[in-house]
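# Survey of secondary and tertiary structure
If you want the building blocks of each chain, they are given just below.
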Amino acid sequence: MKVSLLPVLNDPNLDAAAPSTQRQLAISVSAMASSIDSSVPLNLCLILDHSGSMGGRPLETVKQAAGRLLDRLKPGDRFCAVAFDHKAKVLVPNQIVGDPSSIKRQIEQLRSAGGTAIDEGIKLGIEELGKGKKEAISQAFLLTDGENEHGDDGRCLKLAKLAADYNMTLNSLGFGDNWNQDILEKIADAGGGALAHIQRPEDAVDEFGKLFSRVQGVGLTNAYLLFSLMPKVRLAELKPIAQVAPDTIELPVQQEGDRFMVRLGDLMKDIERVVLANIYIGQLPEGTQAIGQLQIRYDDPTVGQGLLSDPVAISTNVLKVYQPALNPTVQQHILALAKYRQTQLAETRLQQGDRAGAATMLQTAAKTALQMGDKSAATVLQTSATRLQSGEQLSEADRKKTRIASKTILK
């Protein structure tokens, strides 16, 4: 398994007379499979909320969805399940899946009871997942339908970061409309995973299946983007790097010696991970000029850890008579990030009680979505803006749809 690494500037041309120029650099990263690559086992953990509010149809559909995942596991894959209410317990110990029917019977015994302590579930899930992580791709699906009433949100985030440090990916699924979007989104972002919304019980099988298809595409893990910049080139000071595909996430930047480092996590074989960097370039002499170099450090479960891709140089054309050459694909990525940040501003203003300001920002985000051709997201965002303008409150379902629309291209 190798790494595909492709950097593209939104405009590769620079004006030789300009003292400083801002550019957006889109970096596409994915795993490239070859015919001789061997299959890597999946190490999957379900961390399931079985509190009282999950009783009845919700829990039954979740158990059905878990059974469908077991049917899709391959020989050699591992599985475990943890259940939590106000405490956590191991429902299915970590094991190689030999008899899916037996595991399904264990899951079927789960009943609803108690409150909700998400951190207890994550802690036990990490422990159980750790028993099978060697030479495997480790993924956890955390599902809850409520607030973390018996737990600590700060501890949840620390545990999500710990999972990422141990090369485990933590994905979040919010069930219904009463779960805390802020904390589940932060858990998924810190854990390097995805956030999914199961709005109705009948959607459980489909949403679990989509997430499972995504993790089945993982080829390489624990990937870091290593970013070296030439003199006169610097990153923007505020939020310089964000992921814009397959979903939008702000990415923290670390410094390692004279280069920058951004954790990407899993690399998928058929889904590009696209990162957008905001850079400033000082005045440079005419001609083709190098402005930086990129490299990916990653783990390949079949080969080893800390592997390095071939370095890729970034260059720009400095022209005496400047002519713009805008790249339409990078412009789409810029719009995706704008849509996300505009919606985040709307959410902040809504929390501050500024409904008019929130409505204006949502209208702006809807226009940005239309520019991208994302009509479904534009409809969701404009509907929320219109409701606020008419004096209505946004329901929990509306707010969740709005946030999801901001992070992804809706299908």
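In case you missed it, the structure is sitting above this.
This is a predicted model, so every value here is computed, not measured. (Residues numbered from 1 in each chain as written. Predicted model: local features only at pLDDT ≥ 70, side-chain atom pairs only at ≥ 80, totals over all residues. Heavy atoms only, no water.)

### Some words on the state of the cysteines
The line we're drawing: Only a pair of cysteine sulfur atoms within 2.5 Å counts as a disulfide in this structure description. Only protein chains enter the accessibility calculation, which uses a 1.4 Å probe; a residue whose area is less than 20% of its type maximum is buried, one above 50% is exposed, and one in between is partly exposed.
By the definition in use, this model includes zero disulfides. Summary of cysteine pairing: Cys-45 is not part of a disulfide, and the nearest cysteine sulfur, belonging to Cys-80, is at 3.5 Å. Residue Cys-45 is classed as buried on the basis of its relative accessible area, which comes to 0%. This cysteine, Cys-156, is not joined by any disulfide, and Cys-45 carries the nearest cysteine sulfur, 15 Å off.

### Here's the deal with helix H7 (residues 328-351)
The criterion, for reference: A run of H or I in DSSP counts as a helix once it spans at least four residues, and a run of E counts as a strand once it spans at least two, with each numbered from the N terminus. To estimate how far a helix should reach, multiply one less than its number of residues by 1.5 Å.
Under the 1.5 Å per step criterion, the end-to-end length of H7 is 35 Å for 24 residues, consistent within 8% with the ideal 34 Å. Those residues of H7 lying buried are Val-330, His-333, Leu-335, Ala-336, Leu-337, Lys-339, Tyr-340, Gln-342, Thr-343, Ala-346, Glu-347 and Leu-350. In the stretch just after H7, Gly-353 is the one whose phi turns positive, near 85°.

### Remarks on the packing of helix H1 (residues 57-72) against helix H2 (residues 100-108)
Threshold: For helices, the axis comes from a line fit to the C-alpha atoms of the stretch in contact; other axes are also lines fit to C-alpha atoms, and the angle between any two N-to-C directions lies between 0 and 180 degrees. When describing relative orientation, an angle under 35 degrees is termed roughly parallel and one over 145 degrees roughly antiparallel, while 65 to 115 degrees is termed roughly perpendicular and anything else oblique. The handedness criterion is simple: a crossing whose near helix is rotated anticlockwise from the far helix by less than a right angle is left-handed, and one whose near helix is rotated clockwise is right-handed. Pairs of residues are marked as contacts when any of their non-hydrogen atoms sit within 4.5 Å.
At their nearest, the axes of H1 and H2 sit 10 Å apart, and the two run at 165° to each other. What the angle tells us is that H1 and H2 run roughly antiparallel. Where H1 crosses over H2, the two elements pack in a sense that is right-handed. Contacts between H1 and H2 pair Glu-60, Lys-63, Ala-66, Gly-67, Leu-70 and Asp-71 from the former with Pro-100, Ile-103, Lys-104, Ile-107 and Glu-108 from the latter.

### Notes on the nonpolar core
Formally: What makes a nonpolar core is a set of buried Ala, Val, Leu, Ile, Met, Phe, Trp, Tyr and Cys residues whose side-chain atoms join them at distances within 4.5 Å.
Membership of the largest hydrophobic core comes to 37 residues, with the highest contact counts inside it found for Leu-44, Leu-46, Phe-79, Phe-141, Leu-143 and Phe-208. Top element by residues in this core is H1. It accounts for six residues. Apart from residues lying up to four places away in sequence, Leu-44 is in contact with Leu-69, Leu-73, Arg-78, Phe-79, Cys-80, Leu-129, Gln-139, Phe-141 and Phe-212. Core analysis: the second largest hydrophobic core is formed by 35 residues, Ala-223, Phe-227, Leu-267 and Leu-294 among them.

### Structural notes on the sheet that holds strand E7 (residues 137-144)
The condition that has to hold: By this definition, two strands are paired if DSSP reports at least two bridges between them.
On the basis of which strands lie adjacent, the open sheet formed by six strands has the order E6-E5-E4-E7-E8-E9 and mixed pairing. Pairing within the sheet leaves two strands with one partner each, and these edge strands are strand E6 (88-96) and strand E9 (192-198). Ignoring which end each strand starts from, the neighbouring axes of this sheet average 15° apart. Taken together, the seven bridges between strand E4 (residues 42-49) and strand E5 (residues 78-84) define a ladder with parallel strand orientation. Among the inter-strand pairings, Ile-47 is bridged to a residue of E5, identified as Val-82.

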